[in-house]
Amino acid sequence: MNPIRIHRGKAAVLDRVNVDTDQIIPKQFLKRIERTGFGQFLFYDWRYEAEGKENLDFELNHPSAKGASILISGDNFGCGSSREHAPWALYDYGFKVVIASSFADIFYNNCVKNGLLPIRLSDEEVKTWMTLVNEGKSHITVDLLEQKVIGDRIESSFEIDPHWKKMLINGWDEIDLTLKLEEHITNFEASYTSQ
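Residues numbered from 1 in each chain as written. Predicted model: local features only at pLDDT ≥ 70, side-chain atom pairs only at ≥ 80, totals over all residues. Heavy atoms only, no water.

### Thoughts on helix 5 (residues 123–134)
For helix 5, spanning 12 residues, the distance from its first C-alpha to its last is 16 Å, which sits close to the expected 16 Å at 1.5 Å a residue. Taken together, the buried residues of helix 5 touch strand 1 (6–14), strand 2 (70–73), strand 3 (97–100), strand 5 (139–143), strand 6 (148–151) and strand 7 (154–157). Directly after helix 5, the chain includes G136, whose backbone phi takes a positive value near 100 degrees. (Helix = DSSP H or I, 4+ residues; strand = E, 2+ residues; numbered from the N terminus. Expected span 1.5 Å × (residues − 1). Contact = heavy atoms within 4.5 Å.)

Written out as structure tokens, the structure is:
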């Protein structure tokens, strides 16, 4: 995983609540066996019309949202099924940070385990950030070290579990964490097999 310490990027607004994982990455695209390549199918049923043409009314298809790496959305983001493909699709599309007032627990955990930073802010703060971005002030800095979201004359602090913060800052997944204990594991195995 790529470390996240300070991320500066363009934000896009998806002003919807209860965005579920079935919309984030629809079921017909779950047959892939890699973790990559899902970005092209992100929000597929919203991004495209039935005949495959871009839906110009969908928020992320607006020119102002192109190239965004920070997504700001509404309450209960990532609800629905527990598919890990949802954060894979968001990350592969180019998002590194998702800001919402709440996340489904399994989705939140899948994000931090896959290098995507989910940030919980109050409803009021989320609305303020949405307004700022919609007014054209879309470049935001997310400082994980200081746990702050910084924009044009606005700043919000956020909480994150120290374990996940350390994992994201270092770009570690659970396998990396296990490998850090390789010497202890090897010594234990050697002592156990010699008995």
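### With respect to the pairing of strand 2
Alternating positions in strand 2 separate into two faces, I70 and I72 on one and L71 and S73 on the other, with burial throughout. Pairing analysis gives four bridges linking strand 1 to strand 2, with the strands arranged parallel. By the bridge assignment, A12 is partnered in strand 2 with L71. (Buried < 20%, exposed > 50% of the residue type's maximum accessible area, 1.4 Å probe, protein only. Pairing = 2+ DSSP bridges.)

### Quick look at helix 3 (residues 85–93)
Among the residues making up helix 3, those that are buried are H85, A86, P87, W88, A89 and L90. Positive backbone phi, approximately 130 degrees, marks G94, located one or two places after helix 3.

### Re the pattern of salt bridges
Between side chains of opposite charge, a pair can form as their charged atoms come close. In this structure the tally under the stated criterion is eight salt bridges. A salt bridge links R32 to E34, with the nearest nitrogen and oxygen atoms 3.4 Å apart. The class of R32 is partly exposed, set by a relative accessible area of 31%. With relative accessibility at 37%, the residue E34 sits in the partly exposed group. (Salt bridge = Lys/Arg side-chain N within 4 Å of Asp/Glu carboxyl O.)

### Considerations on unusual backbone geometry
With a phi angle near 50 degrees, F43 is a residue other than glycine that sits in the positive phi range. Relative to the helices and strands, F43 resides in the loop between helix 1 (21–24) and helix 2 (44–47). Taking the relative accessible area as the measure of exposure, F43 reaches 0% and is therefore buried. You will see that Q147, though not glycine, has its phi angle at about 55 degrees, which is positive. Its place among the elements puts Q147 in the loop between strand 5 and strand 6.

### Focus on the UniProt feature "domain: Aconitase A/isopropylmalate dehydratase small subunit swivel" (unreviewed entry) in the chain
When the UniProt feature table is mapped onto this chain numbering, "domain: Aconitase A/isopropylmalate dehydratase small subunit swivel" (unreviewed entry) sits at residues 3–123. Between the end C-alpha atoms of residues 3–123 there is a gap of 28 Å, over a span that is 22% helix and 17% strand. (UniProt positions renumbered as here; feature names shortened; annotations may be inferred.)

### Some words on the sheet that holds strand 7
In a beta sheet, neighbouring strands pair by backbone hydrogen bonds and run either parallel or antiparallel. Strands sit in the order 4-3-2-1-5-6-7 across an open sheet of seven strands; the sheet is mixed. Strands at the two margins of the open sheet, each flanked by one partner only, are strand 4 (117–120) and strand 7. Taking the axes of each pair of neighbouring strands and ignoring which way they run, one obtains an average angle of 25 degrees across the sheet. Those strands touched by helix 5 are strand 1, strand 2, strand 3, strand 5, strand 6 and strand 7, and its axis lies near 145 degrees from that of strand 7. (Axes fitted to C-alpha atoms, helices over the stretch in contact; angles between N-to-C directions.)

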